[in-house]
Structures are given as structure tokens and as C-alpha cells.
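Structure assessment
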Amino acid sequence: MVLKERIKELSKQFTTEYVEVRRYLHQHPELSFKEFNTADFLRKELQKIGITDIVSVAETGLLATLHGREKGRTILLRADMDALPIQEENQVEYASRIAGVMHACGHDVHMSSLLFTAKILFQLRSEFIGTVKLLFQPGEELMPGGATLVMKEEAYQQLGKIPHLGQHVMPKLPAGKVGFRAGQFMASMDEVYLTVIGKGGHAAVPEECIDPILIASHIVVASQQLVSRMASPKMPSVLSFGRIIGDGANNIIPDRVTIEGTFRTYDEHWRDLAIEKLTKLAKAIAEGMGGECYVNIPKGYPHLNNDEPLTNSMKKSAIAFLGEENVVDLDQWMAAEDFAYYTQSNPACFYLLGVGNTDKGITSGLHTATFNIDEVALETGGGLMAWLTLEALVQ
């Protein structure tokens, strides 16, 4: 009980400092696998705290170590580092200074929260037994995902099978609240690229052409049966196409059309089967209409599975820290996260940190040009993760 109150006191004490850290990171975003300046800044911040056991991983990532008063269990805390290719539209003093690049997915919050947690735990290092690994991971937003590169590093492999904790901002949750879901939480994600080849020509003589726009339209519509008729109603699946390019004109039928989309689900067997079915369907439709379809579906992130005993325990600990009214049960989320790779081989808990505030007009979604957070969420983000870490170390 005394330790919990000390964490809360330290959280209040350090909030202003880490609001400024978050604002600096927000002003200086870097794209996936290019987080060199971010890494330098994080290293200096860790050293300022007093943490000097820091190694580089995945080129731009950092893995730091914080020791308690003696050896015991080990736990890993992870924050991602990269920003998105989005031009920020927020009119705030800490808006991105990098044209066309923005922390629109809250990774600035994740990094500053983890630094916040590190400072709290460093202050309390004589109060706990065990080791805390602090992972600042690059490239979450871009396949193959920075997690895959981190997991190949010797410094990571030496850790063995240990608990992993991670948090992600959620604007739909009010600041001050957090959410948990044990078991299958986030979906797998595969990118879909289709190239339809036809025969272009004058739109006034379609009989002399093989219309790739028409073929592509049939493929887009027919492929929806993958979800509506081929998938079990008990298995969440999403197939969405977000980009179609047919570079003709009002009177020109083009030679080719490209289609880009994403497929997401929670079952690895169905995932593989669905990709096989989509490939056959697209090729067959194109061939039946006189054209061709080239299919490229690079395999993306697996589904994210939260370890049930660990997640249920972390939820109870969060209730003890924040109060039952501030901890919610989450539904499955069809978004994808490369933290999922860690969950495939380690007991892991990935939870959501509320950052929204309707009264302040902070309601924009993730990956939008107006995404922002209620910065009071940093006190929750830093303090709660410190508390969960100490709770996990004694289990």
C-alpha cells in the first residue's frame, strides 16, 4: 500500500517534466527505421535518469536495463518509436516541425510514458527485487515490423521467455481510464496488392479492348464473399481495399489497374486459407474476362494474443491502482500491432491507455492529421506501468 502511494506521488511530481518530453518528441517525429535522432534523445534521457546500461538493437532501437536491489524475475516494457507520413493539421505550439511527418499514432506518448515509468522505477530501485528491461522499438508502422528485428538480436534472445508489457493510446477512451482484454485482442494483418492486366484503347470501342477497370471492379465485389460466405460467422475477418489506380481518362481504357488493400483475422489457419482463396478468385475472374491478375500478398503481423493469467492479473492490479471505475473490458480490435510477435512466444499483456477528452475537443482517431491527446493521460501512463511492473515482478 505504501509503495502504491509513493508511485502516485512520484507520478504527480514528474508529470510536467514528461509532458515536455512528449511535446519535444511530437515536434521531432521520424519515420520507421529512421529514428536516429529519436534514439539519441532517448539515450540521453535514460542517462539523465541514471540508467546507463543501454544497448542498441535493430539499429535505431534501444534496450536498457534497470536493476532492483537484488536479482529476481525479469520483465520487459516496450514502447514503439516511429511516426507516420502525415501532415499535421493541429494548431498547437508543439505541432510537428517536420513537414509531412507526424506522431499520429501516439508513439510519442508511448516513449515518454516509458521514460516516465523508468524514472519512477529508478527512484524506487531499492524497494523491489528483479530486473526491468526497457525496450524502445523502431519501425512498428512498417513491415516487416521492428519487433522481428529486435527478436533476432542477441541481447533480446538472452532474455529467454519473460513477461512483456506494452500500452497503446486510445482516443475513444477518456484520459484517466485504461482497458484490458485477455486472449485474442488484435488482428493479424496482411497487405494485398493486385495488378490487373488488360488491353487498353479508346473507350468508344470497348470491343477492341480488355477492360481492366471492369475486371478490377468484379474482383473487388466478388472478393467480399471471402468474408461474407467463406469465413465462419464466428471468426472475425476484414477485407478492405483502400486504393485503386486505373490511369486512363474519360475516353481512355487503360492497360492495367492496381488494387491495394488489407486482410485481417484472428485464426492463422483461416488466414492462410483465405489468402489462397483470394489469390485463386482474383486470377480466375481476370482470366475469365480475358485478362490477367498478378497477386502479391506479403505476410504481415500475426494476431496479438494477451496471456490470460498475466492479463487478468494486470487488470486486477490496475483496478487496485486506478479504481474499478477507471478500468474497462475491451472488445476485440481489428487493428494490427507488431507487438503481436512478442505475444507468440512470451506471456504478454498489451493494454489501452485512454487519451481522449470530449470536453476539450480531443476526439480525433488514430492515424489522422488532427490526432491529439489530453496530456493528463501521461500521469496515468507512467504511473500505472510502474505499478504493473512491480506487481508482475512479485507474481
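For the structure, see preceding data.
No experiment lies behind these values; they were computed from the predicted model shown. (Residues numbered from 1 in each chain as written. Predicted model: local features only at pLDDT ≥ 70, side-chain atom pairs only at ≥ 80, totals over all residues. Heavy atoms only, no water.)

A closer look at the packing of aromatic side chains
In this description, an aromatic ring pair is defined by two values, namely the gap between the centres and the angle between the planes. Our working definition: Aromatic rings from Phe, Tyr and Trp, with only the six-membered ring used for Trp, were paired whenever their centres fell within 6.5 Å, and each pair was classed as stacked if the ring planes differed by under 30 degrees, edge-to-face if by over 60, and tilted otherwise. Helix and strand assignments come from DSSP, with helices taken as H or I runs of at least 4 residues and strands as E runs of at least 2, each series counted from the N terminus. Over a ring means this: the NZ of a Lys or the CZ of an Arg is within 6 Å of the ring centre and within 35 degrees of the ring normal.
A complete count under the given rule lists eleven aromatic pairs for this structure. For the pair Tyr18 and Phe116, a centre-to-centre distance of 5.1 Å together with 20 degrees between the ring planes defines the contact as stacked. Note that Tyr18 is positioned in helix 1 (residues 2-27) and Phe116 in helix 3 (residues 107-123), a separation of 98 residues in sequence. Aromatic ring contacts, followed pair by pair, group Tyr156, Phe339, Tyr342 and Phe350 into a single cluster. Lys8 extends its terminal NZ or CZ atom over the ring of Phe321, reaching a point 5.2 Å from the ring centre. For Arg125, the ring lying beneath its charged end belongs to Phe122, and the centroid distance is 3.9 Å.

Regarding the sheet that holds strand 15 (residues 327-329)
The criterion, for reference: For two strands to be treated as a pair, DSSP must find no fewer than two bridges joining them. Fitting a line to C-alpha atoms yields each axis, with helices limited to the stretch in contact; the angle taken between N-to-C directions then spans 0 to 180 degrees. By definition, residues are in contact when any of their heavy atoms lie within 4.5 Å.
Strands sit in the order 1-2-4-3-5-16-6-15 across an open sheet of eight strands; the sheet is mixed. Because the sheet does not close on itself, it has two edges, and the strands there are strand 1 (54-57) and strand 15. With strand direction ignored, the average angle separating the axes of adjacent strands in the sheet is 30 degrees. Against the sheet, helix 3 makes contact with strand 2 (61-67), strand 3 (74-80), strand 4 (131-137), strand 5 (164-174) and strand 16 (348-356), and its axis sits at roughly 150 degrees relative to strand 3, the strand it touches most. Where helix 9 (residues 308-322) meets the sheet, its contacts fall on strand 5, strand 6 (178-180), strand 15 and strand 16, and the angle it forms with strand 6 comes to roughly 155 degrees.

Re the state of the cysteines
Test applied: Defined by distance alone, a disulfide is two cysteine sulfur atoms within 2.5 Å. Burial classes follow relative accessibility: with a 1.4 Å probe on protein chains only, a residue under 20% of its type's maximum area counts as buried, one over 50% as exposed, and anything between as partly exposed.
The final tally for this structure, using the stated rule, is zero disulfides. Here Cys105 stays free of any disulfide, with the sulfur of Cys349 as its closest cysteine sulfur at 18 Å. Of the residues examined, Cys105 reaches a relative accessible area of 7% and is grouped as buried. On the basis of relative accessible area, Cys349 is assigned to the buried category, the value being 0%.

Thoughts on helix 9
This is how the line gets drawn: Here a helix's expected span is defined as the number of its residues, less one, multiplied by 1.5 Å. Polar contact is the term for a pair of N or O atoms within 3.5 Å; when the atoms are in protein, one must be able to donate a hydrogen and the other to accept it, and sequence-neighboring residues count only if both atoms are side-chain atoms.
Given a rise of 1.5 Å per residue, 15 residues ought to cover 21 Å, and the 21 Å separating the end C-alpha atoms of helix 9 matches this to within 8%. Two or three places before Leu310, at the opening of helix 9, Asp307 has a side-chain oxygen 2.9 Å from that residue's backbone nitrogen. Gly323 sits one or two positions beyond helix 9 and adopts a positive phi of about 95 degrees.

Considerations on the packing of helix 9 against helix 11 (residues 377-393)
Put simply, the test is: Roughly parallel means an angle under 35 degrees; roughly antiparallel, over 145; roughly perpendicular, 65 to 115; everything else is oblique. Left-handed describes a crossing in which the near helix is turned anticlockwise from the far one by less than a right angle; the clockwise case is right-handed. Under the scheme applied, nonpolar residues are Ala, Val, Leu, Ile, Met, Phe, Trp, Tyr, Cys and Pro; charged residues are Asp, Glu, Lys and Arg; polar residues are all the others, including Gly.
For the pair helix 9 and helix 11, interaxial distance at closest approach is 10 Å and the crossing angle is 125 degrees. Taken together, helix 9 and helix 11 sit at an angle that is classed as oblique. Viewed along their axes, helix 9 and helix 11 form a crossing whose handedness is right-handed. Listed contacts from helix 11 to Met314, Ser317, Ala318, Phe321 and Leu322 of helix 9 are Thr380, Gly383, Leu384, Trp387, Leu388, Glu391 and Ala392. Here the residues of the contact of helix 9 with helix 11 sort into eight nonpolar, three polar and one charged.

A closer look at the environment of Ile253
Inspection of the secondary structure assignment puts Ile253 in strand 11 (residues 252-253). In the structure, Ile253 is positioned 115 residues away from Pro138 in sequence and 43 Å away in space, judged by C-alpha atoms. Discounting residues that sit within four places of it in the chain, Ile253 has contacts with Lys199, Gly200, Gly201, His202, Ala203, Pro206, Cys209, Asp211 and Pro212.

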